[in-house]
Each structure stands twice: as C-alpha cells, then as structure tokens.
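Read off the chains here:
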Amino acid sequence: QVQLVESGGGLVQAGGSLRLSCAASERTFSSYRMAWFRQAPGKEREIVAAISQSGGSTYYTNSVKGRFTISRDNAKNTVYLQMNSLKPEDTAVYYCAAERATGLIKVTAGGYDYWGQGTQVTVSS
C-alpha cells in the first residue's frame, strides 16, 4: 500500500507562486497514476490536475489551465504541482492521490485509491 506525504503549502499573496510536492513510499511509484485534488470549506473535493504513469499525459481542470503544471520524477517517487498566478479562489486543502490502473485518466475522487493527508494553500487578496 502506497503512502503519500504532501508538502509545500502555505500562505501567499494573489499573483504569487507555490510548488507542492508529494512523496510516495512505494518503490513501484512509476506504476501509479497520480493526481492533485483540492477541497475548499463547504465545497466538494475537486480534481486539479492528473498525470499518467510515464508523465506523457496530463489533465487540468479548466480553472487552472495555463497557471498550474503537474509533473513527476519517477526516480524520486515524487509528483509536483507548480502553481503560478495564484488567486484567492485557489485557497483550499490540496491532496495528492494515487491510482494503480491503466486507461483514461480519472477525474473524480472515487477513482483514486490512495490519499495523502493534505496541505493547506491560502491565497490572500
């Protein structure tokens, strides 16, 4: 069972940048599809971005396209989320998720089997 640990969250002003990292315990990290989700108070958990096992395919929700970049380093068992031009509406707890499956990238929380504990991102106006 893979364990995921997020880091890199914090408080930033609007327009600023943050890079989130998610370190996985599993030696077969490269066999997992990875994703970042976020959940704001009173809202459902939503996907932010996802990346295939090789890194060759990515998905972004519309609200972050052009601002966020998901990437992975299979040699370091780590997935990243570079967040630029942050907006107050990006404020949420960000979660790393993993799924050991092939096929189309899944965009709902139910499609992922393993989750990190979350890291808070707060964007002030």
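Every value quoted in this text rests on a predicted model; they were computed, and no experiment measured them. (Residues numbered from 1 in each chain as written. Predicted model: local features only at pLDDT ≥ 70, side-chain atom pairs only at ≥ 80, totals over all residues. Heavy atoms only, no water.)

1. Some points on the state of the cysteines
Here comes step 1: The tally for this structure, following the rule as stated, stands at one disulfide.
Here comes step 2: The partner cysteine of Cys-22 in its disulfide is Cys-96, sulfur to sulfur 2.1 Å. In this structure the cystine formed by Cys-22 and Cys-96 twists about its S-S bond by roughly -80°; its chirality is therefore left-handed. Separated by 74 residues along the polypeptide, Cys-22 in strand β3 (residues 18-24) and Cys-96 in strand β9 (residues 92-99) bring together distant segments of the chain. Comparing Cys-22 with Cys-96, the two get one shared label, buried. (Disulfide = S-S within 2.5 Å. Helix = DSSP H or I, 4+ residues; strand = E, 2+ residues; numbered from the N terminus. Buried < 20%, exposed > 50% of the residue type's maximum accessible area, 1.4 Å probe, protein only.)

2. Considerations on the pairing of strand β1 (residues 4-7)
Here comes step 1: The alternating pattern of β1 places Leu-4 and Glu-6 on a buried face and Val-5 and Ser-7 on a face that is not buried.
Here comes step 2: Summarising the sheet, β1 and β3 pair through four bridges and their orientation is antiparallel. Each bridged residue has a counterpart across the sheet, and for Glu-6 the counterpart in β3 is Cys-22. (Pairing = 2+ DSSP bridges.)

3. Observations concerning the environment of Ser-63
Here comes step 1: With respect to the secondary-structure elements, Ser-63 resides in the loop between β6 (58-60) and β7 (68-73).
Here comes step 2: Taking the relative accessible area as the measure of exposure, Ser-63 reaches 39% and is therefore partly exposed.
Here comes step 3: Separated by 43 residues in sequence, Ser-63 and Lys-106 have C-alpha atoms that sit 17 Å apart.

4. A look at the packing of aromatic side chains
Here comes step 1: Counting across every chain of the model gives four aromatic pairs.
Here comes step 2: Here Tyr-32 and Tyr-114 contribute two aromatic rings whose centre-to-centre distance is 6.1 Å and whose plane-to-plane angle is 75°, an arrangement assigned as edge-to-face. Taken as a pair, Tyr-32 in the loop between β3 and β4 (33-39) and Tyr-114 in strand β10 (residues 114-115) lie far apart in primary sequence, 82 residues in all.
Here comes step 3: Both rings, one in Phe-37 and one in Tyr-112, keep their centres 5.4 Å apart while their planes meet at 75°; by these two values the pair is edge-to-face. (Phe/Tyr/Trp six-rings, centres within 6.5 Å; stacked < 30°, edge-to-face > 60°.)

5. Structural notes on the sheet that holds β3
Here comes step 1: Across the sheet, which stays open at both edges, the four strands sit in the order β1-β3-β8-β7 with antiparallel pairing between neighbours. Edge strands, defined here as strands with exactly one partner in the open sheet, are β1 and β7. Averaged over all neighbouring strand pairs, the angle between strand axes comes to 15°, with direction disregarded. (Axes fitted to C-alpha atoms, helices over the stretch in contact; angles between N-to-C directions.)

6. Some details on the nonpolar core
Among soluble globular proteins, nonpolar side chains are generally buried collectively.
Here comes step 1: Counting 29 residues, the largest nonpolar core has Met-34, Trp-36, Val-79, Leu-81, Met-83 and Tyr-94 as its most contacted members.
Here comes step 2: Broken down by secondary-structure element, the contributors of at least two residues to this core are β3, β4, β5 (46-51), β7, β8 (78-83), β9 and β11 (119-124).
Here comes step 3: Dropping the residues within four chain positions of it, Tyr-94 is found in contact with Glu-6, Leu-20, Trp-36, Phe-37, Arg-38, Val-48, Phe-68, Leu-81, Met-83, Gly-118, Thr-119 and Val-121.
Here comes step 4: Counting residues in hydrophobic clusters, the runner-up holds six residues, among them Ala-35, Phe-37, Ile-47 and Ala-50. (Core = buried A, V, L, I, M, F, W, Y, C linked by side-chain atoms within 4.5 Å. Contact = heavy atoms within 4.5 Å.)

7. Notes on the side chain of Asn-77
Here comes step 1: Relative to the elements of secondary structure, Asn-77 occurs in the loop between β7 and β8.
Here comes step 2: With a relative accessible area of 16%, Asn-77 lands in the buried category.
Here comes step 3: Once you skip the residues sitting within four places of it in the chain, Asn-77 turns out to touch Cys-22, Ala-23, Ala-24, Glu-26, Arg-27 and Phe-29.

Take it as geometry only, folks, not as evidence of what the structure does.
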